[in-house]
Amino acid sequence: VTMPLMPPRKKNPVLRTRQMNLPPWARGRTALGMTAAAAEGRFELQVCQRCRAVQYPPRDACHRCLSAELQWTAQDGAGELLSATVLHHSNDPFYRERLPWRLGLVRLDAGPTVIVHLHGDVAAPYSHEAVRVRVGARLDRAGAAVLIGFPPEETANMADDKMLREMTVTRAFERSWSPTARPRSARPSSRRWSRPAPRSSGSATPSRGRSCPASTTSRRSRR
Amino acid sequence: MTARRSGRASYAGVAVGVPVTVPYVRYSTDGAHAYIGRAMEALVERSGLAKDAIDGLTVSSFSLAPDTAVGVTQHLGLSPRWLDHIPTGGASGVMALRRAARAVQAGDADVVACVAADANHVDSFRQMLGGFSHFARDASYPYGSGGPNSIFAFITASYMRSYGATREDFGRIAVAQRANALKNPSALFKTPLTLEQYLAARPIAEPLHLFDCVMPCAGAEAFLVLSEERARDLGLPHVLLRGAIERHNAYADDPVLLRGGWRVDRDDLYAQAGVGPEAIDFVQSYDDYPVVVMLQFEDLGFCEKGEGPAFVRTRTLTHDGNFPTNTSGGQLSAGQAGCAGGFLGLTEAIRQLTGAAGARAVKDAQVGLVSGFGMVTYDRCLCTGAVILERAP
């Protein structure tokens with residue numbers, strides 16, 4: 001079960017600040033088709049217009065019949081989790097800062113095997129019982145599409161999953177360090193997402209509230 | 001898929017010799033050309049041949065870019081009449097040997113130098129992973145950037161779930177190979193490894209832990225391929241090539257790799273050699289991860305699919321054991337110098353079959369099997385290959 005997002009603790013100024021970096025953004029021109037669809041909230045893979053084979057990773061020719069007519073087509077993302085791992089080491093600075101990191105290998109019902117970032121509410125397959133997942137495509141912080149393995153049904157606080165928050169831009173509990181940031185009072189408040197600010201005697205205390213994480217909520221409804 | 005062997009010519013008359021290892025170092029500012037140069041220098045010195053007498057060259061390297069093998073010819077002042085570039089990682093040794101053997105048989109070259117070398121700068125491993133293949137860039141590197149660790153974590157976990165393998169089973173492989181490495185002066189790892197240490201190691205990509213993973217390093221491996229008569233005339237210790245197979249992208253519809261392409265062609269391999277698995281005195285299997293060693297025991301016919309765990313429990317894999325495997329220590333304990341990792345088993349097998357293996361010699365070894373496994377472009381390793389080598393009479 002996903003832990004609901006809690007207000008962050010005060011930062012220890014002695015500790016090293018996490019680097020500002022982005023996940024690997026390089027993609028080939030063909031693969032950008034997945035990003036184009038994800039930007040509009042859809043998970044699409046190429047489907048061969050001659051033999052209907054579903055392709056992944058993105059290709060320039062059908063792996064079954066060699067046709068070049070591959071059309072991006074919406075997928076329901078249903079599949080079985082074949083294997084899962086937790087990375088404790090990464091070669092990329094973005095992930096190095098965010099370890100441990102869960103990944104899954106999913107056989108889509110549509111055919112291909114896909115590597116996904118794995119939501120915390122999906123259990124690793126330990127027995128021979130099949131673990132079902134629903135794969136969705138999301139834009140990561142670098143603006144490229146990544147595939148995410150979600151639990152097949154909605155779970156509590158699902159959008160607060162640590163991996164999901166690291167992969168996306170969310171304004172929840174952001175620190176107002178930017179000189180151009182609007183004061184809290186000027187931000188739109190949402191009853192559903194707001195939470196009482198901690199009481200303090202001085203009004204100058206910066207409040208740590210929760211602004212509306214539009215990306216996270218829309219993400220949930222788009223699934 | 002079925003193996004076809006109709007009309008295939010034998011590899012008779014092909015000799016392989018002069019195994020060269022350019023010592024591995026963890027990191028080096030030297031480039032691939034430097035390591036290829038050292039390997040060529042050693043081939044020339046140890047064969048007694050003039051540099052110009054080497055008229056064929058295959059080069060295997062990931063860190064040579066933007067050069068290919070042809071750039072190496074000018075860099076080293078070579079003028080071969082036969083040239084190949086085989087950057088297929090763990091399969092490059094078997095593939096280079098196969099091609100060189102045919103060139104020698106056909107007379108396209110008299111003496112072929114097969115060289116694998118890779119540099120390892122401080123950040124070059126990360127850069128290689130991110131740009132390893134189109135599929136890796138699009139569909140695996142953005143997912144945690146663990147490189148092959150994450151792929152083989154999936155495969156290992158899946159294998160454990162399917163066939164009941166435990167970490168102890170994989171540990172037996174790693175521990176035995178370390179024992180072998182302690183008798184190999186070229187191995188990077190110099191200290192013993194116990195099963196307890198193996199099990200207590202830090203996790204890298206669960207269920208893989210530290211000693212399941214190879215250490216990337218810089219170095220080179222090389223050997224010469226020439227005709228049996230020529231090798232005899234030169235007085236070079238050599239081995240004979242009895243059979244060779246390769247296969248790419250086998251079992252592409254398997255959702256996760258639990259069997260490799262060796263299965264498709266193994267009958268062909270043993271038929272060429274005229275021996276069965278029981279006649280093999282040692283195996284130099286590709287060993288980027290212990291699970292891969294187990295897969296090869298199964299897929300090369302030493303045991304049935306799924307019996308790998310029981311097989312390693314009942315065998316001793318050290319050079320003096322009853323199933324000598326990766327007698328150099330393998331990549332797990334000698335280090336993985338990029339493409340040279342695909343040559344390591346071959347140079348070791350040549351040493352074993354020419355009486356040059358020193359303290360780690362396999363007693364009375366006559367026939368050895370060397371297998372290769374290379375190129376994780378997305379979710380599995382694509383190239384498989386194997387050769388059977390025999391001690392020259």
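Basis of the calculations
- Residues numbered from 1 in each chain as written.
- Chains lettered and ligands numbered in written order.
- Predicted model: local features only at pLDDT ≥ 70, side-chain atom pairs only at ≥ 80, totals over all residues.
- Heavy atoms only, no water.
- Helix = DSSP H or I, 4+ residues; strand = E, 2+ residues; numbered from the N terminus.
- Rg over C-alpha atoms; globule rule 2.2 N^0.38 Å.
- Buried < 20%, exposed > 50% of the residue type's maximum accessible area, 1.4 Å probe, protein only.
- Expected span 1.5 Å × (residues − 1).
- Contact = heavy atoms within 4.5 Å.
- Buried area = accessible area lost by both parts, 1.4 Å probe.
- Salt bridge = Lys/Arg side-chain N within 4 Å of Asp/Glu carboxyl O.
- Polar contact = N/O pair within 3.5 Å; in protein donor to acceptor, adjacent residues only side chain to side chain.
- Nonpolar A, V, L, I, M, F, W, Y, C, P; charged D, E, K, R; others polar.
- Pairing = 2+ DSSP bridges.
- Axes fitted to C-alpha atoms, helices over the stretch in contact; angles between N-to-C directions.
- Disulfide = S-S within 2.5 Å.

Caption draft 1: Summary view of the overall build of chain B. Counting secondary structure elements, chain B contains 14 helices and 11 strands. Against the compact-globule benchmark of 21 Å for 393 residues, chain B has a radius of gyration of 19 Å, which places it among compact chains. The C-alpha extent of chain B, read off along each of the three principal axes, is 55 × 45 × 40 Å. Evaluated residue by residue, chain B yields a buried proportion of 62% over its 393 residues.

Caption draft 2: Representation of helix 7 (residues 167-181) of chain B within the structure. Residues and elements named next belong to chain B. With 15 residues, helix 7 extends 21 Å between its outermost C-alpha atoms, agreeing within 8% with the 21 Å of an ideal straight helix rising 1.5 Å per residue. Burial runs high along helix 7: 11 of the 15 residues are buried. Along helix 7, the residues classified as buried are Arg-167, Asp-169, Phe-170, Gly-171, Ile-173, Ala-174, Ala-176, Gln-177, Arg-178, Asn-180 and Ala-181. For helix 7, the secondary structure elements touched by its buried residues are helix 6 (148-163), helix 8 (195-200), strand 6 (208-209), helix 11 (290-299), helix 12 (308-313) and helix 13 (330-334).

Caption draft 3: Structural view of the interface of chain B and chain A. The interface is formed by 34 residues belonging to chain B together with 42 residues belonging to chain A. Roughly 3,100 Å² is buried in total at the junction of chain B and chain A, and carbon and sulfur atoms are behind 58% of that figure. On the chain B side of the interface with chain A, the three residues burying the most area are Tyr-143, Phe-154 and Arg-161 of chain B, jointly 28% of the side's total. Counting across the interface, chain B meets chain A through 0 salt bridges. At the boundary of chain B and chain A, one finds 17 residue pairs in polar contact (both at pLDDT 80 or more). Residue assignment for the side of chain B that touches chain A shows that the elements contributing at least two residues are helix 4 (124-130), helix 5 (134-140), helix 6 and strand 5 (203-205) of chain B. The greatest single-element share of the side of chain B that touches chain A, amounting to 9 residues, is contributed by helix 6 of chain B. Here the side of chain B that touches chain A is composed, by residue class, of 17 nonpolar, 9 polar and 8 charged.

Caption draft 4: The arrangement of the pattern of salt bridges in detail. In the structure shown here, the tally under the stated rule is 26 salt bridges over all chains. Residues Asp-268 of chain B and Arg-8 of chain B are paired through a salt bridge, measuring 2.5 Å at the closest nitrogen-oxygen approach. Here Asp-268 of chain B is found in helix 10 (residues 262-273), whereas its partner Arg-8 of chain B is found in the segment before strand 1 (14-25), with 260 residues between them in sequence. Residue Arg-8 of chain B is classed as partly exposed on the basis of its relative accessible area, which comes to 31%. Bridged by salt links that share partners, the residues Arg-18, Arg-98, Arg-141 and Glu-166 of chain A form one connected network.

Caption draft 5: Representation of the sheet that holds strand 10 (residues 367-376) of chain B. All names here are of chain B. Ordered in space as 3-2-4-7-1-8-11-10-9, the 9 strands form an open sheet in which the pairing is mixed. Each having just a single partner strand, strand 3 (82-85) and strand 9 (282-284) make up the two edges of the open sheet. For this sheet, the mean inter-axis angle between neighbouring strands, taken without regard to orientation, is 20°. Pairing of strand 4 (residues 111-118) with strand 7 (residues 218-227) involves 8 bridges; the strand directions are antiparallel.

Caption draft 6: Broad picture of the state of the cysteines. All names here are of chain B. For the coordinates displayed, the defined rule picks out 0 disulfides over all chains. Between Cys-303, a cysteine without a disulfide, and Cys-381, which holds the nearest cysteine sulfur, the sulfur-to-sulfur distance is 19 Å. By relative accessible area, which is 9% here, Cys-303 ends up buried. Left without a disulfide partner, Cys-381 is nearest to the cysteine sulfur of Cys-383, which lies 7.1 Å away.

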